[in-house]
Amino acid sequence: NKTQSDCAATCAYYRMYTHEEWEFLYLVSKVCAYVGLPLSICMLTIWFCDPLKRHQYLVIYYILSSSIVTVMSVAVASSPPEDTFCRNNAALINHEDGLTVCAVQSLVNVYFGLTAVLCWLLQSMGLYTKIVLEWRNFPQRQDVHTACIFGLPIIPTLIVFFTDSYGSFWVGSGMFI
């Protein structure tokens, strides 16, 4: 295990932040992850237990997608940044290091981030057709929606995986995870 002093500042705190800024942002991300997890569980419980809400599958899919991203955020927040982001002194973890927490989080964020976006897209399209176009009987195709929500994000996730574009690495002045 690497200690705080073993991992260079460019790795542990990213070059674009000062030490204090990084510590604050890392604390905020940890707090959001730990607060978000019970809230996600609470939302899932409410939507699954209410018979009327249980049929609103787009919202449930969105909550499931965001809950999985939250679980990964908790997994990352539970380990020190040196172990999460650094391969060794001043070298960031990337695809060459195998399936690390960082690599799994990047792939999970790509896939479930896109599923959440597609849930919102389909919800907004449904609202648009009901309110603006006044189509009161717009067909709700749960099977087609489910296939789109969970099928389409496979393509960009596989592209990211097979082009080795996941993990921690610098893009310009920022970081892609």
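Heads up: the structure comes first, above all this text.
For clarity, every value in this text was computed on a predicted model and none was experimentally measured.

Rules used in this analysis
Counting from 1, residues in each chain are numbered in the order their sequence is written. The predicted nature of this model means local features are confined to residues of pLDDT at least 70 and side-chain atom pairs, given and counted, to a pLDDT of 80 or more, with totals for whole chains, interfaces and linings taken over all residues. Hydrogens and water molecules were not included; the side-chain quantities draw on all heavy atoms of the structure. Geometry is summarised by axes, namely lines fitted to C-alpha atoms with helices restricted to the contacting stretch, and by angles between N-to-C directions that run from 0 to 180 degrees. Note on conventions: DSSP H or I runs of at least 4 residues are helices, E runs of at least 2 residues are strands, and numbering of each starts at the N terminus. Throughout, the term roughly parallel applies to angles under 35 degrees, roughly antiparallel to angles over 145, roughly perpendicular to angles from 65 to 115, and oblique to all others. A clockwise turn of the near helix away from the far one marks a right-handed crossing, whereas an anticlockwise turn of less than a right angle marks a left-handed crossing. Gly is put with the polar residues, along with every residue not named as nonpolar or charged; the nonpolar set is Ala, Val, Leu, Ile, Met, Phe, Trp, Tyr, Cys and Pro, and the charged set is Asp, Glu, Lys and Arg. A pair is scored as a salt bridge if a Lys or Arg side-chain nitrogen falls within 4 Å of a carboxyl oxygen belonging to Asp or Glu. Only protein chains enter the area calculation, which uses a 1.4 Å probe; residues under 20% of their type maximum are buried, those over 50% are exposed, and those in between are partly exposed. Centres within 6.5 Å make a pair out of two Phe, Tyr or Trp rings, where for Trp the six-membered ring is used; the pair is then stacked when the planes are under 30 degrees apart, edge-to-face when over 60, and tilted otherwise. When the NZ atom of lysine or the CZ atom of arginine is within 6 Å of a ring's centre and also within 35 degrees of its normal, the charge is said to sit over that ring.

Draft legend 1. Main features of the packing of helix α3 (residues 57-77) against helix α5 (residues 101-131). Between α3 and α5, whose axes approach to 9 Å, the crossing angle comes to 160°. Taken together, the axis directions place α3 and α5 in an arrangement best described as roughly antiparallel. As α3 runs across α5, the sense of the crossing is left-handed. Of the residues assigned to the contact of α3 with α5, the class counts are 17 nonpolar, seven polar and no charged.

Draft legend 2. Region of interest: the pattern of salt bridges. This structure, assessed with the given rule, holds one salt bridge. Here Arg141 ties to Asp143 by a salt bridge, and the two come within 3.3 Å at their closest N and O atoms. In this structure Arg141 comes out as partly exposed when scored by relative accessible area, which is 44%.

Draft legend 3. Molecular detail of the packing of aromatic side chains. Inspection of the entire model under this criterion finds five aromatic pairs. Aromatic side chains Tyr111 and Phe112 sit 4.8 Å apart centroid to centroid with 90° between the ring planes, which places their arrangement in the edge-to-face category. On the basis of relative accessibility, which here comes to 14%, the residue Tyr111 falls in the buried class. Ring centres of Phe161 and Phe162 lie 5.2 Å apart, and the angle between their planes is 80°; on these two criteria the pair is classed as edge-to-face. Residue class for Phe161 comes out partly exposed when judged on its relative accessible area of 32%. Site record: aromatic cluster; members linked through ring pairs are Tyr57, Tyr61 and Phe150. Above the ring of Trp47, the side-chain terminus of Lys53 is found at 5.0 Å from the ring centroid.

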